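Architecture at a glance
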Amino acid sequence: MTVPDRLTVDVVVVGAGPAGLSAALNLVRARRTVLLVDANRPRNAATLRSHGFLTRDGISPLELRKLGRAEVEGYAEATVVQAVVDRVSRDGDGWAVHGSWRGTEIEATARAVVIATGLREEFPALPMLRAFYGTAVHSCVECDGYEKAGEALAFICETDDVVDRALLVAAWADDLVVYTNGVARLDDAGRARLLHAGVRVDERPVEDLEGDRSGMTGVRLADGHVEPRTGGFVRPRWFADLDWVDADLERDADGLLVVDRSGRTSVGGVYAVGDVTPPGPEQLIVAAGHGAVTAAAVHRDLVGGLTDLRDAVQ
């Protein structure tokens, strides 16, 4: 779609995952003009099937995004472009948004901005992890635990929440080994909780995962021992990259954007939804629901002229 040199809209939505798409869809149905900007670099691109989304259980996440984008584009009030947004800043009573894609610049002015960019994930430094991520190894147990039930699984976690997350994985697994890679800290109480749940713990350094084109076959430790495992889960570290937003947005201890129940940030006219808000990564259907809630709040605030008046989370 050809975009004018400078587009003026009611709302710019940055990010077209389920949260951003849902927000955009509900806003155009409220007869709001919307510019939906997306870099098309989804965090779950490696995942073959997504689950738990009513009427779409088992669909490819990329197909879900494609269907959602087509629905948004079907409304005359919507303009959908592929671009990387690199600046959002105050412009009078509204917001100026700048982005680019392959040398083409995108500029827009909006009364409100919805941030739905999700998170960047960083994995333990195992060379073969990416090769099996999305097929044998996953990060969301609620999303993929059902399909892994009954397998010999590994849970690789280098963070201090290892016990609670391991116990969650164990709800789907009868044969689970937790690998701390010599990084995650475990105390005696934590070890006792895992032992009571029938979970084995290996605190030795992990060298890599093993397997071939047919799938994952094991976890290889630095001392050479290989434990047969056919799949598992990994606990990434997540980061919210928001240096392109020129606004003093309140963030929590994990760097996520603090919002009220309707997605309002600490700065009037700026909203956030999806993984970039606490508690972080969530199921696709939950993110879509949050997008609808935030769209309703944006519309109400625009009706009441509140987008440039509120300066704190309610």
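What you are looking at is a predicted structure, and each value in this text was computed from that prediction instead of being measured.

For the rest of this paragraph, the subject is the overall build of the protein chain. Secondary structure assignment for the protein chain yields seven helices and 18 strands. Relative to the compact-globule value of 20 Å for 314 residues, the protein chain shows a C-alpha radius of gyration of 21 Å, a close match. Oriented by its inertia axes, the alpha-carbon framework of the protein chain measures out at about 60 × 40 × 35 Å. For the protein chain, the proportion of contacts with a sequence separation of at least 24, taken over those separated by at least 6, is 59%. When the accessible area of the protein chain is evaluated, it comes to approximately 14900 Å², of which 49% is carbon and sulfur surface. Of the side-chain charges in the protein chain, 34 are positive and 48 negative, and the distance between the mean point of each set is 4 Å.

Turning our eyes to something else, we now look at the environment of Val 81. Looking at the secondary structure, you find Val 81 in strand S3 (residues 78-82). On a C-alpha basis, the gap between Val 81 and Asn 40 in space is 9.9 Å, while along the polypeptide they are 41 residues apart.

A few words now on helix H2 (residues 61-73). In this model, H2 (13 residues) spans 18 Å end to end at C-alpha, consistent with the 18 Å of a helix rising 1.5 Å per residue. Here H2 has its buried residues at Pro 61, Leu 64, Arg 65, Gly 68 and Val 72. Along H2, the residues classed as buried sweep out an arc of 95° about the axis, all on the same side. Looking at the buried residues of H2, the elements they touch are helix H1 (18-29), strand S2 (34-38), S3 and helix H7 (284-304). By the N-cap criterion, in which a side-chain oxygen at the helix start approaches the backbone nitrogen of a residue two or three places on, H2 is capped by Ser 60, the distance to Leu 62 being 3.2 Å.

Their axes nearest at 9 Å, the elements H1 and H2 cross at an angle of 20°. The angle between H1 and H2 places the two elements in the roughly parallel class. Here H1 runs over H2; the crossing is left-handed. For the pair formed by H1 and H2, the contact residues are Leu 21, Ala 24 and Leu 25 on the first element and Arg 65, Gly 68, Arg 69, Glu 71 and Val 72 on the second. Split by residue class, the contact of H1 with H2 holds four nonpolar, one polar and three charged.

Locating Lys 148 in the fold gives a position in helix H4 (residues 141-148). A relative accessible area of 8% places Lys 148 in the buried class. Engagement of the side chain of Lys 148 in a polar contact is seen with the backbone oxygen of Ala 136, the distance being 3.3 Å.

Here we take up the nonpolar core. Residues Val 12, Leu 35, Ile 115, Leu 242 and Trp 244 are the most contacted members of the largest nonpolar core, which totals 30 residues. Those elements that place two or more of their residues in this core are strand S1 (7-14), S2, strand S4 (84-91), strand S5 (94-101), strand S6 (104-115) and strand S18 (270-272). No other element matches S6, which puts five residues into this core. Discounting chain neighbours no more than four positions away, the residues touching Val 12 are Leu 35, Val 37, Val 97, Ala 108, Ala 110, Ala 112, Val 113 and Val 114.

For the structure on display, the rule yields 23 salt bridges. Among the ionic pairs, Asp 10 bridges to Arg 32, the shortest N-O distance being 4.0 Å. Residue Asp 10 is found in strand S1, and its partner Arg 32 is found in the loop between H1 and S2; the two are separated by 22 residues along the sequence. Glu 227 is paired through a salt bridge with Arg 200; the nearest N and O atoms lie 3.4 Å apart. Linking Glu 227 in strand S14 (residues 226-228) with Arg 200 in strand S11 (residues 200-202), this pair joins segments that are 27 residues apart in sequence. On the basis of relative accessibility, which here comes to 41%, the residue Arg 200 falls in the partly exposed class.

Our focus in this paragraph is the environment of Ala 110. Its location among the elements puts Ala 110 in strand S6. Of the residues examined, Ala 110 reaches a relative accessible area of 3% and is grouped as buried. For the pair Ala 110 and Val 34, spaced 76 residues apart in sequence, the C-alpha to C-alpha distance is 8.7 Å. Setting aside chain neighbours within four positions, we find Ala 110 in contact with Val 9, Asp 10, Val 11, Val 12, Gly 94 and Trp 95.

For a regular strand, side-chain orientation follows a simple rule: the groups alternate between the two sheet faces. Examined bridge by bridge, S4 and S5 share seven bridges and lie antiparallel to one another. Each residue of the ladder has a partner; that of Arg 90, found in S5, is Trp 95. Between S4 and S5, which pair antiparallel and follow one another directly, the connecting turn spans two residues, one of which, Gly 92, has a positive phi of 65°. Relative to strand S17 (residues 245-246), S4 runs parallel, the two sharing two bridges. In the sheet register, Ser 89 faces S17, and the bridge partner there is Asp 246.

Strand order in the open sheet made by the three strands is S12-S13-S14, with antiparallel pairing throughout. Edge positions in the sheet fall to strand S12 (206-212) and S14, since each has one partner strand and no second. Sheet twist, expressed as the mean angle between neighbouring strand axes with direction ignored, is 30°.

Analysis parameters
- Residues numbered from 1 in each chain as written.
- Predicted model: local features only at pLDDT ≥ 70, side-chain atom pairs only at ≥ 80, totals over all residues.
- Heavy atoms only, no water.
- Helix = DSSP H or I, 4+ residues; strand = E, 2+ residues; numbered from the N terminus.
- Rg over C-alpha atoms; globule rule 2.2 N^0.38 Å.
- Contact = heavy atoms within 4.5 Å.
- Areas by Shrake-Rupley, 256 points an atom, 1.4 Å probe, with all protein chains shown as cover.
- Lys, Arg positive; Asp, Glu negative; His and termini not counted.
- Charge placed at Lys NZ, Arg CZ, Asp CG, Glu CD.
- Expected span 1.5 Å × (residues − 1).
- Buried < 20%, exposed > 50% of the residue type's maximum accessible area, 1.4 Å probe, protein only.
- Arc of directions from axis to C-beta.
- Polar contact = N/O pair within 3.5 Å; in protein donor to acceptor, adjacent residues only side chain to side chain.
- Axes fitted to C-alpha atoms, helices over the stretch in contact; angles between N-to-C directions.
- Parallel < 35°, antiparallel > 145°, perpendicular 65-115°, else oblique.
- Left-handed = near helix turned anticlockwise from the far one by under 90°.
- Nonpolar A, V, L, I, M, F, W, Y, C, P; charged D, E, K, R; others polar.
- Core = buried A, V, L, I, M, F, W, Y, C linked by side-chain atoms within 4.5 Å.
- Salt bridge = Lys/Arg side-chain N within 4 Å of Asp/Glu carboxyl O.
- Pairing = 2+ DSSP bridges.

So, to be careful, I would describe these as geometric facts and stop short of saying anything about function.
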